[in-house]
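# A look at the structure
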Amino acid sequence: MTKGEKAMDYITDLITIIQYFILGLVQGVTEPIPISSSGHVFIFRELFGIEVKGLTFEIFVNFASLLAVMIIYKNDIIRLTKNTILFLFKQDKQTKADFIFVLYLIIATIPVGVVGVLFGDYIGDKMNTTIVGSTLLITAAAIWMIRNLRGKKLDGDLTMKDAMIVGLAQAIAVTPGISRSGASIVAAMMVGMRQDTALRFAFLLYIPVSLGTTILEVPELIASSEFQALLIPNLIAFITAFVATYFALKWFMGIMARGNLKYFSYYCLVVGILVIVFL
């Protein structure tokens, strides 16, 4: 290999690393906030002509976002797990509320699991800029509808009906451009949850869905020819997505506490129109 060829390979590798860093950053920033991470990653790929081969990148960055969410909600996860086990084996009445909460999370997970298994590949294959732009407009309208809602339901006030409604909303978010966190939070607030309860339920609901998807995709990841070839770019995307998700979710918690969701509606409206018109 000549020096010129080596230089070209170096430049190609550097460009790939930069591209994966950008996509990891986009994934991380947009995952916890209601503007659709899958939609934004698709937009950036189309806008800058970035080609990502196989599912390796998607698995890496989704797992990174999952870890960040789990770290932020680690106290809730530990408490709910511990109290659920205590209730199952000791029938401790003081832990019943947490057991019911976990049960509702499981119930709310079922719709997205069914939709993902039956239609996930089909929906992913049909993704295009018109669909992403249109679904961003739907996200904008949904957020606008609940911008002033101030519910009163706490964890112990939830019902099975509430869980099913939020679960069905999350299932709709399989469509690119429909924000998963946005759909879950919109539904949670529409059934009367307080902002902090809606946020916690939405992201605790995200954990089993994302974890299950990651586990199912691990065999494909290992068998992928891109796993070794693009290991460094994917690791960079992983680290970037992890850090970005952690700080974006912390920031979004403050936004939820102040009730400033309308700005996300404005953003989705503008981006949706721009994508439809120019892409």
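Please read these numbers as outputs of a predicted model, since none were measured by experiment. (Residues numbered from 1 in each chain as written. Predicted model: local features only at pLDDT ≥ 70, side-chain atom pairs only at ≥ 80, totals over all residues. Heavy atoms only, no water.)

This part is about helix α7 (residues 160–172). For an α-helix, 3.6 residues make a turn, and residues three or four places apart therefore share a direction. Here α7 contains 13 residues, and its C-alpha end-to-end distance of 19 Å stays within 8% of the 18 Å for a straight helix at 1.5 Å per residue. Listed in full, the buried residues belonging to α7 are Asp162, Ala163, Val166, Gly167, Ala169, Gln170 and Ala171. (Helix = DSSP H or I, 4+ residues; strand = E, 2+ residues; numbered from the N terminus. Expected span 1.5 Å × (residues − 1). Buried < 20%, exposed > 50% of the residue type's maximum accessible area, 1.4 Å probe, protein only.)

What follows concerns the pattern of salt bridges. Under the defined criterion, the tally for this structure stands at five salt bridges. In this structure, the salt-bridge partner of Asp76 is Arg79, at a minimum N-O distance of 3.1 Å. With a gap of three residues between them, Asp76 and Arg79 both fall in helix α4 (residues 74–90), about one helical turn apart. Classification of Asp76 as buried rests on a relative accessible area of 16%. In this structure, Lys153 and Asp162 form a salt bridge, with 2.8 Å as the shortest nitrogen-oxygen distance. (Salt bridge = Lys/Arg side-chain N within 4 Å of Asp/Glu carboxyl O.)

This part is about unusual backbone geometry. Trans peptide bonds make up most of the peptide bonds, and negative phi angles are found at most residues other than glycine. Positive phi, normally seen in glycine, also occurs at Ser36, with a value near 75°. Relative to the assigned elements, Ser36 resides in the loop between α1 (3–30) and α2 (37–48). Classification of Ser36 by relative accessible area gives buried; the value is 2%.

What follows covers the packing of helix α6 (residues 129–145) against helix α12 (residues 262–278). In the contact formed by α6 and α12, the axes pass within 8 Å of each other and the chain directions differ by 160°. Taken together, the axes of α6 and α12 lie roughly antiparallel to each other. The way α6 lies across α12 gives a crossing that is left-handed. Contact residues: Thr129, Thr130, Gly133, Ser134, Leu136, Leu137, Thr139, Ala140, Ile143 and Trp144 in α6; Lys262, Phe264, Ser265, Tyr266, Cys268, Leu269, Val271, Gly272, Ile273, Val275 and Ile276 in α12. (Axes fitted to C-alpha atoms, helices over the stretch in contact; angles between N-to-C directions. Parallel < 35°, antiparallel > 145°, perpendicular 65-115°, else oblique. Left-handed = near helix turned anticlockwise from the far one by under 90°. Contact = heavy atoms within 4.5 Å.)

Once that is clear, we can look at the nonpolar core. Among the nonpolar cores identified, the biggest contains 52 residues, and Phe201 and Phe252 are the most heavily contacted of them. With nine residues, the single largest contributor to this core is helix α9 (residues 195–223). Sequence-distant contacts of Phe201, that is, excluding residues within four places in its chain, are made with Phe101, Tyr104, Leu105, Ala108, Leu158, Ala163, Val166 and Met193. Listed in part, the 16 residues of the second largest apolar core include Phe57, Leu221, Leu230 and Ala237. (Core = buried A, V, L, I, M, F, W, Y, C linked by side-chain atoms within 4.5 Å.)

It is worth spelling out α2 at this point. Taking 1.5 Å per residue, 12 residues should reach 16 Å; α2 reaches 17 Å between its end C-alpha atoms and fits that length. Buried within α2 are the following residues: Ser37, Gly39, His40, Val41, Phe42 and Ile43. If you check the start of α2, you find a side-chain oxygen 3.0 Å away from the backbone N of Gly39, and it comes from Ser36. Following α2 by one or two positions, Gly49 adopts a phi angle in the positive range, close to 65°. (Polar contact = N/O pair within 3.5 Å; in protein donor to acceptor, adjacent residues only side chain to side chain.)

Here we come to the side chain of Ser36. In this structure the side chain of Ser36 is engaged in a polar contact, spanning 3.0 Å, whose partner is the backbone nitrogen of Gly39. Aside from chain neighbours lying at most four places away, what touches Ser36 is Thr30, Leu136, Pro176, Gly177, Ile178 and Ser179.

The next thing to look at is the side chain of Ser179. Take Ser179: it is sitting in the loop between α7 and α8 (180–190). Among the polar contacts made by the side chain of Ser179, one reaches the side chain of Ser181 at a distance of 3.3 Å. At 2.8 Å, the side chain of Ser179 and the backbone nitrogen of Gly182 are in polar contact. Among residues more than four places away in sequence, those in contact with Ser179 are Ile33, Pro34, Ile35, Ser36, Thr139 and Ala173.

So, about the environment of Phe44. Along the chain, Phe44 turns up in helix α2. The exposure class assigned to Phe44 is partly exposed, which follows from its relative accessible area of 25%. For the pair Phe44 and Val26, spaced 18 residues apart in sequence, the C-alpha separation works out to 8.2 Å. Once residues lying within four places of it in the same chain are set aside, the contact partners of Phe44 are Ile22, Leu23, Val26, Gly49 and Ile50.

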